[in-house]
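Chain residues, written in single-letter form:
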Amino acid sequence: MKLRGLGGLGVTSAVLVISALLVINAMLLTNAVPGAAAAERPQGIRSAESIADSTQAPALPARQQGQLVPRVWERQPPVIPHDTRGQQIDRRHNRCLDCHQGAGPSLTGATAISATHYVNRDGEALQRLAGARYFCLSCHVPQQSVPLLTGSRVSQPPASLEENEQ
Amino acid sequence: MKRWFREYWRIFRSPSVHFSLGALAIGGFVAGIIFWGGFNTALEATNSEQFCISCHEMKANPFAELRSTIHYTNRSGVRATCADCHVPHDWMDKIARKMEASKEVWGWIFGTINTPEKFEDKRRELAEREWARLQANDSLECRNCHHFEYMDLTLQRNLAGQIHSLVLSTGQGTCIDCHKGIAHRLPEMSGVPVWSWQLLEAVLQQPD
């Protein structure tokens, strides 16, 4: 009996309420009052109109593979001209050293690690790579051609670095 | 107990009274098919990734490491999972490996590697066992998918192509000599020649 009561007027009013809600929702989402409202929205560095819009992610840039990238300033850590995906660097093993150390460079043509990396911070020469130099990717990174997100005014090495050179 | 056994032995040995030879032969044949199919299906089930990572040890350690590698996910979706590398495809070898694996059940019961620390302590030992196995069967599990005959060496990177044509084609080396730690993280490698440099040096310095 109760069910039948609902089936009469109840369902119709429920449908009305739901559709009204949907219309209100749609109005909110589709920005029913354009112009004034859009200008007031916060604009981040995103290119989209607002944070409610989803933007399309830019395509992943191709890695610069195989070619040595020239340094911008002297003593800049050279960038890595190959993919490093999945190369293990942890306390068990450092995959970079397989090619960039020992017999590696002469056989593979990989760049040998600089002698400065075999000196610890007290200036003592070591037989192995200094601990502070172990994590290659802290300074050396694969390079990609991507548009800058923000501008940069750095065109030469910081003054502090220049002083150190002398 | 002995009498019970003897009674059944007598029934087992005496000829059939109620069933015809044909019925027994056909019945046996059908039962054989069902048994063999069931056996292989069960065996196949223990080869699935699902089965392997049903143990916490496997899911938390080796499987977690596999997930970021090219054998787990890549652009074309052709992949190798646990059994493709760790279980031989050949039937006899497969059964031998499956029997060996009973020791792993033992390890599971007693929790030999049930924490990351315990796994870490055993990592070198476990890795060495797999290296030895692949060394012994000439990297058979690699070669199930990676056929040397169909590798276009000119499409490989310069050095890789050279090494493959000099070392691999002549049988002086096998895949696992250089390709260690491709699906799981390497253990502490002291004393292990990672690329087998000596081998490469010897080969590369040979006159043409």
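All values derive from a computational prediction rather than experimental measurement.

Conventions and cut-offs
- Residues numbered from 1 in each chain as written.
- Chains lettered and ligands numbered in written order.
- Predicted model: local features only at pLDDT ≥ 70, side-chain atom pairs only at ≥ 80, totals over all residues.
- Heavy atoms only, no water.
- Helix = DSSP H or I, 4+ residues; strand = E, 2+ residues; numbered from the N terminus.
- Contact = heavy atoms within 4.5 Å.
- Salt bridge = Lys/Arg side-chain N within 4 Å of Asp/Glu carboxyl O.
- Buried < 20%, exposed > 50% of the residue type's maximum accessible area, 1.4 Å probe, protein only.
- Buried area = accessible area lost by both parts, 1.4 Å probe.
- Polar contact = N/O pair within 3.5 Å; in protein donor to acceptor, adjacent residues only side chain to side chain.
- Nonpolar A, V, L, I, M, F, W, Y, C, P; charged D, E, K, R; others polar.
- Phe/Tyr/Trp six-rings, centres within 6.5 Å; stacked < 30°, edge-to-face > 60°.
- Lys NZ or Arg CZ within 6 Å of the ring centre and 35° of its normal.
- Disulfide = S-S within 2.5 Å.

Asks: Please give an account of the environment of B:Phe63 that cites residues and values.
Replies: All names here are of chain B. Looking at the secondary structure, you find Phe63 in helix α5 (residues 62-66). Measuring from C-alpha to C-alpha, the distance between Phe63 and His184 comes to 8.2 Å, with 121 residues separating the pair along the chain. If near-sequence neighbours (up to four positions away) are discounted, Phe63 is found in contact with Glu49, Ile53, Met58 and Tyr72.

Asks: Pulling in residues and values, what's your account of the pattern of salt bridges?
Replies: Residues and elements named next belong to chain B. Taken as a whole and assessed by the stated rule, the structure comprises 17 salt bridges over all chains. The partner of Glu125 in a salt bridge is Lys122, and the shortest N-O contact between them spans 3.6 Å. Remark: Lys122 and Glu125 occur in helix α9 (residues 116-136); sequence separation between them is three residues, near one turn of the helix. On the basis of relative accessibility, which here comes to 38%, the residue Glu125 falls in the partly exposed class. Taking the relative accessible area as the measure of exposure, Lys122 reaches 25% and is therefore partly exposed. We note a salt bridge from Arg133 to Glu141, for which the minimum N-O separation is 2.9 Å.

Asks: Residues and numbers for the interface of chain B and chain A, please.
Replies: Each partner contributes residues to the interface: chain B has 21 residues there, and chain A has 15 residues. In this assembly, chain B packs against chain A so that about 1,500 Å² is buried in total across both faces, 52% of it on carbon and sulfur atoms. Across the chain B-chain A interface, the total number found is two salt bridges. Linking chain B to chain A there are four residue pairs in polar contact (both at pLDDT 80 or more). Ranked by residue count, the leading element in the side of chain B that touches chain A is helix α13 (residues 197-204) of chain B, at four residues. Tallied by class, residues from the side of chain B that touches chain A come to ten nonpolar, four polar and seven charged.

Asks: Quick rundown of the packing of aromatic side chains? Include the residues and the values.
Replies: Summed over the entire model, instances satisfying the criterion amount to eight aromatic pairs over all chains. Geometrically, the ring pair formed by A:Tyr134 and A:Phe135 is edge-to-face, given 5.1 Å between the ring centres and 85 degrees between the ring planes. With a centroid separation of 4.8 Å and 40 degrees between ring planes, the pair formed by B:Trp106 and B:Phe110 is classed as tilted. Each residue in the set B:Phe35, B:Trp36, B:Phe39 and B:Trp91 is aromatic and connected to the rest through ring pairs, giving one cluster. When the ring centre of B:Tyr72 is taken as reference, the NZ or CZ atom of B:Arg79 above it lies at 4.7 Å. The ring of B:Trp131 has B:Lys180 lying over it, and the distance from NZ or CZ to the ring centre is 5.4 Å.

Asks: Could you give me a rundown of the side chain of B:Thr81, with the residues and numbers involved?
Replies: All names here are of chain B. Among the secondary structure elements, Thr81 is positioned in the loop between α5 and α6 (82-86). Given the relative accessible area of 16%, Thr81 is considered buried. Among the polar contacts made by the side chain of Thr81, one reaches the side chain of Glu49 at a distance of 2.5 Å.

Asks: Kindly report on the state of the cysteines, identifying the contributing residues and their values.
Replies: Enumeration over the complete set of coordinates arrives at zero disulfides over all chains. A:Cys136 provides the cysteine sulfur closest to A:Cys96, a residue in no disulfide bond, and the two sulfurs are 3.7 Å apart. Not part of a disulfide, B:Cys55 finds its nearest cysteine sulfur in B:Cys52, a span of 8.8 Å. Take B:Cys55: its relative accessible area is 24%, and that puts it in the partly exposed class.

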